[in-house]
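# Understanding the architecture of this molecule
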Amino acid sequence: MSAPPLVPARMPVADVIRVGGHGLRSRPLRVFLSALGIAIGIAAMVGVMGISASSTHELDRRLSSFGTNLLTVTAEQESHLPTTAVSMIGALPDVDSVSAVGRTGVRVYRNDHIPTERTGGIVVYAARTDLPTVAGARTVAGSWLTEAHTAYPAVVLGWTAARSLAVYETGPDQLVWLGGRWFTVVGILAPNDVLTDLDYGAFVGWPVAERELGFDGYPTIVYTRPRQSAVTAVQPLLGAAANPENPGEAGVSRPSEVLKAQLETRRTLNALLLGLGAVALLVGGIGVANTMVISVLERRSEIGLRRSLGATRGQIRTQFLAEALLLSLLGGAGGVALGIGITAAFAATQGWAAVVPPWAMTGGVAATLLIGGVAGFYPAVRAARLPPTEALANP
């Protein structure tokens, strides 16, 4: 009676992981460098995705607070808008609110000893008391102009103007030299990424500007907020409503489009950074393949001994493929952690909330496993094909 055929033992998953881990522990420096190559690629990809998601989240937050229904009408080519522009725009259907500022010809200085040519780029505007409500501006110190302020020498400074005049550090209740007389700073505006004119402005009451600063009363910029659903319908009407005689001299814009353009620019940059991350990931995959090929060459005697003791080709192939996958998983996990850290650090410097999409983290680990499988397949097959006698004879 013939003996039953021998059936190769199957390696449990735990044994596969243990044997693969032992192979990595025997060459820690090489494993570290190969895993680092993978980690850099994954960190670049996760970091780009995280920064992009954080930027988009911040943009959405700013748009929600700022509002996408703000429209501006600006006097073009050294012209001015009629004094009736505000009331005419306010009379349009579906317009909820309207306000304006008017550019004056005076300058503002820290004190009366500053040379007149050192303006710092600050523009003095006459402003209405309802400007913050319509334009979405807010103060970080002090308060906006009230009806009590408008007839007196009081001024609110934009963020950049306050820093240029060295008022930001000392806060409100300071005096500045404006139009040949002293004005009291009653408030400082928060920085505005969209309405940058507000950052460089010094705002005084409309009546005091006409009485003390020679202001002609003509608005330079009109801010209006139609109903959200009526923005596209109202926008074409604003030029003619603001300046019926010369509608071509009234430029109409939607400031929220600036934020959207910034987002598109970031997306283009993100695509470039993703390409660089993919190249780094490819280099990391080559490093894994190189490590595994060298490992096969260095461990020929081990392979021959295992084959002589009964290990099958499939078990040898599984061992080396497990090593490649573990190596890639190590690099992928480290890369994801590094990418999250990069995102958190960058978001903190920008004052954003750190957002890393879950799919970017799982996708990063999945990408490393795929690369590890592809990079380790050939070395694993090569190790499995080594004849036992040849492997033992050529240690």
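Above this note sits the structure.
Note that the structure is predicted; figures quoted are calculated from it, not measured. (Residues numbered from 1 in each chain as written. Predicted model: local features only at pLDDT ≥ 70, side-chain atom pairs only at ≥ 80, totals over all residues. Heavy atoms only, no water.)

Right, let's get into the overall build of the chain. Helices and strands together make up the secondary structure of the chain, namely 15 helices and eleven strands. A burial count over the chain gives 44% of its 395 residues as buried. Restricting to contacts in the chain with at least 6 residues of sequence separation, those with at least 24 account for 81%. For the chain, the computed accessible surface area is about 19400 Å², with 61% contributed by carbon and sulfur atoms. (Helix = DSSP H or I, 4+ residues; strand = E, 2+ residues; numbered from the N terminus. Buried < 20%, exposed > 50% of the residue type's maximum accessible area, 1.4 Å probe, protein only. Contact = heavy atoms within 4.5 Å. Areas by Shrake-Rupley, 256 points an atom, 1.4 Å probe, with all protein chains shown as cover.)

The residue D94 is not glycine, and still its phi comes out positive at about 70°. With respect to the helices and strands, D94 occurs in the loop between α3 (85–90) and β2 (95–103). Notably, A166 is not glycine yet its phi reads approximately 60°, a positive angle. Considering the arrangement of structural elements, one finds A166 in the loop between α6 (159–164) and β7 (175–178).

Our focus in this paragraph is the side chain of R254. Position of R254 relative to the elements: it lies in the loop between β11 (250–253) and α11 (256–298). Not counting residues within four places of it along the chain, the set of residues in contact with R254 comprises T68, L70, L71, Q228, V231 and Q235.

For the coordinates displayed, the defined rule picks out four salt bridges. In this structure, R128 and D130 form a salt bridge, with 3.5 Å as the shortest nitrogen-oxygen distance. What makes R128 partly exposed here is its relative accessible area of 30%. Given a relative accessible area of 26%, D130 falls into the partly exposed group. The partner of R181 in a salt bridge is E212, and the shortest N-O contact between them spans 3.3 Å. On the criterion of sequence distance, the pair formed by R181 in strand β8 (residues 181–189) and E212 in helix α8 (residues 206–212) is long-range, its members being 31 residues apart. A relative accessible area of 30% means that R181 is categorised as partly exposed. The class for E212 is partly exposed, based on a relative accessible area of 35%. Taken together, the shared-partner salt bridges connect R181, R211 and E212 into one network. (Salt bridge = Lys/Arg side-chain N within 4 Å of Asp/Glu carboxyl O.)

Attention now moves to helix α12 (residues 300–308). Along α12, the positions that sit buried rather than exposed are R300, I303, G304 and R307. On an axial view of α12, the arc spanned by its buried residues comes to 100°, and they lie on one face. (Arc of directions from axis to C-beta.)

Here we take up the packing of aromatic side chains. Aromatic ring pairs: the centre-centre distance and the angle between the two ring planes describe each pair. Scanning all chains against the criterion turns up five aromatic pairs. On the basis of an interplanar angle of 70° and a centroid distance of 5.0 Å, the ring pair of W177 and W182 is categorised as edge-to-face. A residue is classified by how much of its surface remains accessible, and W182, at 35% relative accessible area, is partly exposed. On the numbers, 5.2 Å between centres and 75° between planes, the contact of W206 with F215 is edge-to-face. F215 shares its class with W206; the two are buried. Of the aromatic side chains, those joined through ring pairs into one cluster are Y125, W144 and F203. (Phe/Tyr/Trp six-rings, centres within 6.5 Å; stacked < 30°, edge-to-face > 60°.)

Next up on the list: the packing of α12 against helix α13 (residues 313–350). Orientation of α12 relative to α13, taken along the N-to-C sense of each, is 140°, at an axis distance of 10 Å. Like other packed secondary-structure pairs, α12 and α13 cross with a definite hand, here right-handed. Within the contact between the two elements, α12 uses E302, I303, R306 and R307 and α13 uses R313, I316, Q319 and F320. Class assignment of the residues belonging to the contact of α12 with α13 gives a composition of three nonpolar, one polar and four charged. (Axes fitted to C-alpha atoms, helices over the stretch in contact; angles between N-to-C directions. Left-handed = near helix turned anticlockwise from the far one by under 90°. Nonpolar A, V, L, I, M, F, W, Y, C, P; charged D, E, K, R; others polar.)

On to the nonpolar core, then. Judged by nonpolar contacts, the single largest core of 23 residues is most densely connected at V155, L178 and V204. Setting aside anything within four residues of it in sequence, one finds L178 in contact with V106, R107, V108, V124, V155, F183, V204 and L213. With 20 residues, the next largest nonpolar core counts V101, L131, W144 and V156 among its residues. (Core = buried A, V, L, I, M, F, W, Y, C linked by side-chain atoms within 4.5 Å.)

Our next topic: the packing of α13 against helix α14 (residues 358–385). At a minimum axis separation of 7 Å, α13 and α14 run at an interaxial angle of 155°. Classified by the angle their axes make, α13 and α14 are roughly antiparallel. Relative to α14, the crossing made by α13 is right-handed. Grouping the amino acids of the contact of α13 with α14 by side-chain chemistry returns 17 nonpolar, six polar and three charged. (Parallel < 35°, antiparallel > 145°, perpendicular 65-115°, else oblique.)

So, on to the environment of G334. Position of G334 among the secondary structure elements: in helix α13. Residue classification places G334 among the partly exposed positions, given a relative accessible area of 34%. Along the sequence, G334 and I38 sit 296 residues apart, while their C-alpha atoms lie 8.7 Å from each other.

This next bit is on a nonpolar patch on the surface. A cluster of nonpolar residues, L29, F32, L33, L36 and I40, forms a patch on the protein surface that exposes about 500 Å² of accessible area. Residue position: F32 is located in helix α2 (residues 28–66). (Patch = residues over 30% accessible without salt bridge, like charges linked within 9 Å, V, L, I, M, F, W, Y side chains within 5 Å.)

Every regular strand shows the same layout, with side chains that alternate between the two sheet faces. Side chains of strand β6 (residues 154–157) alternate between two faces, with A154 and V156 and V155 and L157 buried alike. Across four bridges, the pairing between β6 and β8 is parallel. In the sheet register, V155 faces β8, and the bridge partner there is V185. (Pairing = 2+ DSSP bridges.)

The next subject is α14. A rise of 1.5 Å per residue sets the reference length of α14, with its 28 residues, at 40 Å; its end C-alpha atoms lie 40 Å apart and thus fit the reference within 8%. Of all bends in α14, the biggest is about 35°, found at F377, and the proline P379 comes one to four residues later. Regarding α14, the residues found buried are A360, G364, T368, G372, A375, G376, P379, A380, V381, A383 and A384. (Expected span 1.5 Å × (residues − 1). Bend = angle between axes of the 7 residues up to and from the residue.)

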